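For reference, the chains in residue letters:
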Amino acid sequence: MEAAQAGELPEFVAKEHPVHKTPVGANMITGMVSTVVILLYGLTTGESDELFWSIFAFSSCIFLLPYLFMFPAFFKLRVSDPDRERPYKVPGSIAVQAVLSTICFLFIVQAVVLFVFPDIGNGNVDWNYSLPVALGIAITIGIGEWILATAAKRMQVATAEQSNV
């Protein structure tokens, strides 16, 4: 809702409840997307426990993927702009921060890989399980990137219109 109110997402996402000021538009989208995801994953699985684990793996990966970028970004900013005042501080030298960032990054990579391919440690890949999860992740990332690109274009148009006024 906040991003839509700032013009970064479509206007309908910014709709809020008139009394409670809760995000009606964003919650409606979340509900619709969740319903579609459950229905699509329901078509790819045979049993309810498979459906649960498939959706759990998908949603966990979607939750974890931003952290893949956060840890390298943290370290890059510490190297490229070390003197900037920040609200958080990681103790230790830059070498300690490099090690900690790398360890955190590798844990996230390992978690994502194991959520998508849980039996890879045994040398097995169950494509009936892994393919829907991987496709769901790829589609979600694709939609997110499309939304971001559309928002960036909308922001450029708005900035250009303001500078022409």
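Located above this text is the structure these notes cover.
Starting afresh in each chain, residues are numbered from 1 along the sequence in its written order. The predicted origin of the model limits local features to residues at a pLDDT of at least 70 and limits the giving and counting of side-chain atom pairs to 80 or more, whereas totals for whole chains, interfaces and linings rest on all residues. Remark: hydrogens and water are excluded; side-chain values derive from all non-hydrogen atoms of the structure.

**Q** Looking at this model, I keep getting lost on a nonpolar patch on the surface. Mind explaining?
**A** Residues with no salt bridge and a relative accessible area higher than 30% make up the patches, which join like charges within 9 Å and nonpolar side chains (Val, Leu, Ile, Met, Phe, Trp, Tyr) within 5 Å. What sets the accessible areas is the Shrake-Rupley method with a 1.4 Å probe; for residues, cover comes only from the shown protein chains. Any Lys or Arg side-chain nitrogen located within 4 Å of an Asp or Glu carboxyl oxygen qualifies as a salt bridge. There is a patch of nonpolar side chains on the surface, built from V113, L114, I120, V125, W127, L131, L135, I139 and I143 and spanning about 780 Å² of accessible area. Strands are runs of DSSP state E lasting at least 2 residues, helices are runs of H or I lasting at least 4, and numbering of each runs from the N terminus. Elements with a contribution of two residues or more to the nonpolar patch: α4 (94-116) and α5 (127-164). It is α5 that provides the largest number of residues to the nonpolar patch, a total of 5 residues. Checked against the element boundaries, I143 lands in helix α5. We call a residue buried when its accessible area falls under 20% of the maximum for its residue type, exposed when it is over 50%, and partly exposed in between, using a 1.4 Å probe and counting protein chains only. Relative accessible area serves as the criterion here: at 47%, I143 is assigned to the partly exposed category.

**Q** Please clarify how the nonpolar core should be interpreted in this entry.
**A** Soluble, globular proteins show a tendency: their nonpolar side chains are buried together. Nine residue types can take part in a nonpolar core, namely buried Ala, Val, Leu, Ile, Met, Phe, Trp, Tyr and Cys, and a core is a set of them joined through side-chain atoms within 4.5 Å. In this structure, I108, V112, V133 and I137 are the most contacted members of the largest nonpolar core, which totals 16 residues. At the level of secondary structure, the elements contributing two or more residues to this core comprise α2 (24-44), α3 (48-80), α4 and α5. No other element matches α3, which puts 7 residues into this core.

**Q** Would you mind showing me how to read the environment of N124 here?
**A** Following the sequence through the fold, N124 ends up in the loop between α4 and α5. Taking relative accessible area as the criterion, N124 reaches 44% and is therefore assigned partly exposed. Residues N124 and I137, 13 residues apart in the sequence, show an inter-C-alpha distance of 20 Å.

**Q** Can you help me understand the packing of aromatic side chains in this one?
**A** Centre-to-centre distance and the angle between the planes together describe a pair of aromatic rings. Classification of ring pairs uses Phe, Tyr and Trp, with its six-membered ring standing for Trp, and accepts pairs whose centres are within 6.5 Å; under 30 degrees between planes counts as stacked, over 60 as edge-to-face, and the remaining range as tilted. Taken as a whole, this structure holds 7 aromatic pairs when the rule is applied. Measuring from centroid to centroid gives 5.7 Å for F117 and W127, while their planes differ by 80°, and the two rings are edge-to-face. Taken together, the residues F117 in the loop between α4 and α5 and W127 in helix α5 connect sequence positions 10 residues apart. An aromatic cluster is defined as three or more aromatic residues linked by ring pairs; in this entry it consists of F52, W53, F56 and F115.

**Q** Just to check I follow, could you spell out the packing of α3 against α4 for this structure?
**A** The axes of two packed helices give the description: the angle between them and the distance between them. Angles here are taken between N-to-C directions and fall from 0 to 180 degrees, while the axes themselves are lines fitted to C-alpha atoms, restricted in helices to the stretch in contact. Packing of α3 against α4 brings their axes to within 9 Å, and their N-to-C directions diverge by 165°. For the element pair α3 / α4, the angle class is roughly antiparallel. Where α3 crosses over α4, the two elements pack in a sense that is left-handed. These descriptions rest on fixed angle ranges, namely under 35 degrees for roughly parallel, over 145 for roughly antiparallel, 65 to 115 for roughly perpendicular, and the rest for oblique. Helix crossings get a hand from a simple test, with the near helix turned counterclockwise from the far one by less than a right angle marking a left-handed crossing and a clockwise turn marking a right-handed one.

**Q** What's the story with α5 in this structure? I'm lost.
**A** Structural remark: α-helix, 3.6 residues per turn; residues separated by three or four positions point the same way. The end-to-end C-alpha distance of α5 is 54 Å, a good match for the 56 Å that 38 residues give at a rise of 1.5 Å each. Y129, S130, P132, V133, G136, I137 and A151 are the residues of α5 that are buried. Near the N-terminus of α5, the side chain that reaches the backbone nitrogen of N128, with its oxygen 3.1 Å away, is that of D126. Helix span is expected to be 1.5 Å times the residue number reduced by one. Polar contact is the term for a pair of N or O atoms within 3.5 Å; when the atoms are in protein, one must be able to donate a hydrogen and the other to accept it, and sequence-neighboring residues count only if both atoms are side-chain atoms.

**Q** How should the side chain of S101 be read in this particular structure?
**A** Within the secondary structure layout, S101 lies in helix α4. Two residues form a contact once any of their heavy atoms are found within 4.5 Å. Setting aside residues up to four positions removed in sequence, S101 forms contacts with F71, F74 and F75.

**Q** How do you make sense of a negative patch on the surface when you look at a structure like this?
**A** Residues scored as charged are limited to Lys and Arg (positive) and Asp and Glu (negative), so that His and the chain ends carry no count. In this description, the location of a charge corresponds to atom NZ of lysine, CZ of arginine, CG of aspartate or CD of glutamate. On the surface, a cluster of negative charge is contributed by E47, D49, E50, D119 and D126. Mapped onto the elements, E50 comes out in helix α3.

**Q** How should I be thinking about α3 in this particular structure?
**A** Taking 1.5 Å per residue, 33 residues should reach 48 Å; α3 reaches 49 Å between its end C-alpha atoms and fits that length. The principal kink in α3, of about 25°, is found at F63, preceding the proline P66 by one to four residues. What α3 keeps buried is the set S54, A57, F58, S60, C61, L64, L65, L68, F71, F74 and R78. Across the chain, bend at a residue is computed as the angle between axes fitted to the seven residues ending at that point and the seven starting from it.

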